[in-house]
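So the chains spell out like this:
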Amino acid sequence: MSANIFVTGACGYIGGSIVAEFARHKGGLLESARIHAAVRSDEQAESLSTLDVSVVKIDLSNPYALAGYMIRNDVSIVIHTATSIDAEVVQNLITALKKRREANGKKAFFIHTSGLSAFDDNTGWPFGEVRDIDPVYFLEKQCTDSYIVDVLVAEQTQAAGLTGLIVMPPTLHGRGGGTWNRLSPQIPALVRAAIKNKQVYKFAKDREVVLTHISDLTTFYAQMAEAILQKRALPAGMSGYYFTVSHSVRWWDILDCLAATMHARGLVDEPTTKVWPSNAFAAEALGVPINFAHSMWDSSPKVVCVNKDLIGWKPVWNRERLLQSIDEEIDDFLELGVPKSSLLDSLRQARG
Ligand SMILES: NC(=O)c1ccc[n+]([C@@H]2O[C@H](COP(=O)([O-])OP(=O)(O)OC[C@H]3O[C@@H](n4cnc5c(N)ncnc54)[C@H](OP(=O)(O)O)[C@@H]3O)[C@@H](O)[C@H]2O)c1
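Cut-offs applied
Residues numbered from 1 in each chain as written. Predicted model: local features only at pLDDT ≥ 70, side-chain atom pairs only at ≥ 80, totals over all residues. Heavy atoms only, no water. Axes fitted to C-alpha atoms, helices over the stretch in contact; angles between N-to-C directions. Helix = DSSP H or I, 4+ residues; strand = E, 2+ residues; numbered from the N terminus. Parallel < 35°, antiparallel > 145°, perpendicular 65-115°, else oblique. Left-handed = near helix turned anticlockwise from the far one by under 90°. Contact = heavy atoms within 4.5 Å. Nonpolar A, V, L, I, M, F, W, Y, C, P; charged D, E, K, R; others polar. Disulfide = S-S within 2.5 Å. Near = heavy atom within 4 Å. Polar contact = N/O pair within 3.5 Å; in protein donor to acceptor, adjacent residues only side chain to side chain. Areas by Shrake-Rupley, 256 points an atom, 1.4 Å probe, with all protein chains shown as cover. Domains from an automatic or database assignment. Salt bridge = Lys/Arg side-chain N within 4 Å of Asp/Glu carboxyl O. Buried < 20%, exposed > 50% of the residue type's maximum accessible area, 1.4 Å probe, protein only. Pairing = 2+ DSSP bridges. Buried area = accessible area lost by both parts, 1.4 Å probe. Arc of directions from axis to C-beta.

**Quick word on the packing of helix H7 (residues 186–197) against helix H9 (residues 251–264)**
Then step 1. It is the contact of H7 with H9, at a shortest axis distance of 12 Å, that shows an interaxial angle of 45 degrees. Considering the angle they form, H7 stands oblique to H9. Considering how the two elements wind past one another, H7 and H9 form a crossing that is right-handed. Contacts between H7 and H9 involve Leu190, Val191, Ala194 and Ile195 on the former and, on the latter, Trp251, Leu255, Leu258 and Met262.
Then step 2. Split into classes, the residues belonging to the contact of H7 with H9 amount to eight nonpolar, no polar and no charged.

**Looking at the state of the cysteines**
Then step 1. Tallied over the full model, the rule gives zero disulfides.
Then step 2. This cysteine, cysteine 143, is not joined by any disulfide, and cysteine 305 carries the nearest cysteine sulfur, 19 Å off.

**Topic: the site of the ligand**
Then step 1. The local shell around the ligand holds 26 residues, among which Tyr13, Ile14, Ser84, Asn181 and Ser184 are the closest.
Then step 2. Measuring from an oxygen atom of the ligand, one finds a backbone N or O atom of alanine 82 at 3.4 Å.
Then step 3. Separating an oxygen atom of the ligand from a backbone N or O atom of serine 84 is a distance of 2.8 Å.
Then step 4. Out of a free accessible area of 890 Å², the ligand has 87% covered by protein chains.
Then step 5. Residue assignment for the shell around the ligand shows that the elements contributing at least two residues are helix H1 (13–24) and helix H15 (342–350).
Then step 6. Its residues placed into classes, the shell around the ligand shows ten nonpolar, 14 polar and two charged.
Then step 7. Counting residues domain by domain, the shell around the ligand receives three or more from each of domain 1 (4–171 + 213–243) and domain 2 (185–209 + 247–301 + 316–350).

**A short note on the pattern of salt bridges**
Then step 1. Under the counting rule described, the total for this entry stands at 18 salt bridges.
Then step 2. As a salt-bridge pair, lysine 141 and glutamate 155 come within 2.8 Å of each other at their nearest N and O atoms. With lysine 141 in helix H5 (residues 136–142) and glutamate 155 in helix H6 (residues 148–159), the pair connects residues that are 14 residues apart, well separated along the chain.
Then step 3. The class for lysine 141 is partly exposed, based on a relative accessible area of 46%.
Then step 4. Taking relative accessible area as the criterion, glutamate 155 reaches 25% and is therefore assigned partly exposed.

**Re the pairing of strand E12 (residues 247–250)**
Then step 1. Here E12 shows one buried face, formed by His247 and Val249, and one open face, formed by Ser248 and Arg250.
Then step 2. Bridge count for strand E10 (residues 208–213) against E12 is four bridges, and the pairing is antiparallel. Bridging across to E12, leucine 211 finds its partner in histidine 247.

**Concerning the domain arrangement of the protein**
A common measure of how large an interface is: the accessible area buried when the components associate.
Then step 1. The domains assigned to the protein are domain 1 (4–171 + 213–243) and domain 2 (185–209 + 247–301 + 316–350).
Then step 2. Summed over both sides, the interface between domain 1 and domain 2 buries roughly 1,100 Å², with carbon and sulfur atoms accounting for 53% of that surface.
Then step 3. Area buried by domain 1 at its contact with domain 2 is led by Thr171, His213 and Asp216, which between them contribute 38% of it.
Then step 4. Counting the contacts that link domain 1 with domain 2 gives two salt bridges.
Then step 5. Of the charged contacts in the structure, one is a salt bridge between arginine 207 and aspartate 121, with a shortest N-O distance of 2.9 Å.
Then step 6. Taken together, the links from domain 1 to domain 2 amount to six residue pairs in polar contact (both at pLDDT 80 or more).
Then step 7. Taken together, the residues of the side of domain 1 that touches domain 2 break down into four nonpolar, six polar and four charged.

**As for helix H10 (residues 279–286)**
Then step 1. Among the residues making up H10, those that are buried are Ala282, Ala283, Ala285 and Leu286. Viewed end-on, H10 has its buried residues packed into an arc of 165 degrees, placing them on one side of the element.
Then step 2. Where the residues of H10 are buried, they touch H7 and helix H11 (290–297).
Then step 3. Downstream of H10 by one or two residues, glycine 287 has phi in the positive range, about 80 degrees.

**Concerning unusual backbone geometry**
Then step 1. Phi at aspartate 74 takes a positive value of approximately 50 degrees, unusual for a residue other than glycine.
Then step 2. Position of aspartate 74 relative to the elements: it lies in the loop between helix H3 (63–72) and strand E4 (75–80).
Then step 3. In this structure, lysine 198 takes a positive phi of about 55 degrees despite not being glycine.
Then step 4. Along the polypeptide, lysine 198 turns up in the loop between H7 and strand E9 (201–202).

So this is what it looks like as structure tokens:
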């Protein structure tokens, strides 16, 4: 019997790209899996009608509705991409999947999508470089706020008898394969700010940023799902952290390249960058609360990915390919604009 995989945030940048990749996937057990795409509006549901997936408009704040759907459809894998910071939604999904496990006794897997930007000294991470095979759960538990949902996933999945896996991507780039939101916020916001100011700006200190192209990330999720379907043993729960970095590049190299390329296209006045006049100016231009401008466009987490080898993940993007694709990143913004990001929306609300 084919497996049922439930993806939240199925019209988001990451979730939409996963759904599109899985729907078209050829080979292995994943090819015959049924994908259930969870969205929260009729328009989003309609956008997915071109894909061979089951679309469900469902309220993630309602654990009973979630449990009912998961039991009726024998969901064995939940891939949660809708929000990395909403503990209540995570708790509801785990509760629902637990009820499905209790209903028929079969194993169930909860894959949470978190992020690596919190592992940066700039954002208060006190432990320096970290590997995903280190005791990340215990390190996060000693900190506050940013890490609380990862800790919850590790603890609650274990308590519920589920297999919990935490995927941690860095800043993402590239055009996603989904049907709704197809861009990550960071590079489009830089392009928009540069067009508005006729100038590419940078933060005063150059830092190495870790990145992943969205196509490499969706390959990772496909390989992880395939490993689960093949019943391969994977580190899980308090050891179930998977860092997914495909390459690194200095922020200033991206911005220098952006300035030269945008100048050649007549989009900015200067072929070189300038330092933001102030943090307030940067935050305003990038469209985020002032506290988040650095963490989103200046973060430099020191991380080492080890568990990816157990999945068999070999990303194909690298620094050179990114710098050569800056024209495409500009085209993506000109065609699609700055994406609506529910993460940015929630950050703005949290800061009033
Ligand atoms: N993009 C990156 O560079 C990146 C990197 C690392 C980690 N992450 C994390 O990965 C997660 C997804 O990122 P993304 O770029 O895919 O974001 P996104 O494009 O904003 O997608 C999130 C999707 O989930 C939906 N959603 C959000 N909260 C929901 C809720 N409470 N109930 C139901 N649906 C909800 C949104 O619906 P609406 O469209 O209706 O708002 C949206 O379709 C975020 O938590 C982010 O922190 C992102």
